[in-house]
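# Descriptive analysis of the structure
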Amino acid sequence: MKTIAVMSDSHGRMPINERLLQVLDECDNIFHLGDGLSDIDFLVRSYRGKVEYVYGNCDGGTGDKVVEIEGVKLLLTHGHSYGVKRDLHALSEAAKALGCDCALYGHTHTPLIKTRESVTLINPGSIGYGGTYCYIVVTGKKAHAKIVQL
């Protein structure tokens, strides 16, 4: 069993409080899905070896990353290059083409967990503006996700 804290869109406003720090300490992995360079830097320095990240549109970058944890393939993306504010079709198709079980994305600031054509689409919302993140437990080659409000 592995645990993952997924956050996005902190925009330099990540609420560093005791509750969040305890979660980050206890998780096996931490993912940041972009739009928060200073927060990504903090996570990388503080949790060396546990952090995976991608850049968002406000970070001046693009790019996706595929991470495999206990047999579950996860696509990490900010989402802007897939037009996630319009619909999730392009994102789910890209995840399927890469053989991913889940696509983790941000950009919209709206938390969501939805399965579309065998791909679980997960948006943790905005930790900087909405105070939400996603907690994922990977066990038995399955990912179980839950949106958490700080």
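Residues numbered from 1 in each chain as written. Predicted model: local features only at pLDDT ≥ 70, side-chain atom pairs only at ≥ 80, totals over all residues. Heavy atoms only, no water.

## Quick word on the overall build of the chain
Along its length, the chain carries three helices and ten strands. Taken from N to C terminus, the helices and strands of the chain fall in the order β-α-β-α-β-β-β-α-β-β-β-β-β. Taking 15 Å as the expected radius of gyration for a compact globule of 150 residues, we find that the chain reaches 14 Å, a close match to that expectation. With respect to the principal axes defined by its C-alpha atoms, the chain has extents near 40 × 35 × 25 Å. The buried share of the chain, taken over its 150 residues, is 49%. Pairs at least 24 apart in sequence give 51% of the contacts found in the chain among residues at least 6 apart. Of the roughly 6,900 Å² that the chain leaves accessible, carbon and sulfur atoms contribute 47%. (Helix = DSSP H or I, 4+ residues; strand = E, 2+ residues; numbered from the N terminus. Rg over C-alpha atoms; globule rule 2.2 N^0.38 Å. Buried < 20%, exposed > 50% of the residue type's maximum accessible area, 1.4 Å probe, protein only. Contact = heavy atoms within 4.5 Å. Areas by Shrake-Rupley, 256 points an atom, 1.4 Å probe, with all protein chains shown as cover.)

## Some remarks on unusual backbone geometry
At Asp9, a position not held by glycine, the phi torsion is positive, near 50 degrees. Considering the arrangement of structural elements, one finds Asp9 in the loop between β1 (2-7) and α1 (18-26).

## Quick word on the sheet that holds strand β7 (residues 112-116)
Within a sheet, adjacent strands bond to each other through the backbone by hydrogen bonds, running parallel or antiparallel. The strand order across the open sheet formed by five strands is β4-β5-β6-β8-β7, and the pairing between neighbours is mixed. Looking at the sheet topology across the chains shown, the edges are occupied by β4 (65-69) and β7. Each neighbouring strand pair of the sheet contributes to a mean axis angle of 20 degrees, computed without reference to strand direction. Note: β4 against strand β5 (residues 72-76), five bridges, orientation antiparallel. In the strand pairing of β5, Val67 is matched with Leu74. (Pairing = 2+ DSSP bridges. Axes fitted to C-alpha atoms, helices over the stretch in contact; angles between N-to-C directions.)

## A look at the state of the cysteines
For the structure shown, the criterion picks out zero disulfides. Its sulfur unpaired, Cys134 is 9.1 Å from the next cysteine sulfur, which belongs to Cys102. Assessed through its relative accessible area of 0%, Cys134 is described here as buried. (Disulfide = S-S within 2.5 Å.)

## Side note on helix α2 (residues 37-46)
Taken together, the buried positions of α2 are occupied by Asp39, Ile40 and Leu43. Looking straight down α2, one finds that the buried residues subtend no more than 100 degrees of arc, so they occupy a single side. The inward-facing, buried residues of α2 abut β1, α1, β2 (29-32) and β3 (51-53). (Arc of directions from axis to C-beta.)

## Looking at the pattern of salt bridges
Opposite charge on two side chains permits pairing when their charged atoms draw close. Applying the stated criterion across every chain yields a total of four salt bridges. Its salt-bridge partner being Glu93, residue Lys96 comes within 3.3 Å of it at the nearest N-O pair. Taken as a pair, Lys96 and Glu93 lie in helix α3 (residues 89-97) at a separation of three residues, close to a single helical turn. Its relative accessible area of 33% is what places Lys96 among the partly exposed residues. One network of salt bridges, with partners in common, ties together Glu93, Lys96 and Glu117. (Salt bridge = Lys/Arg side-chain N within 4 Å of Asp/Glu carboxyl O.)

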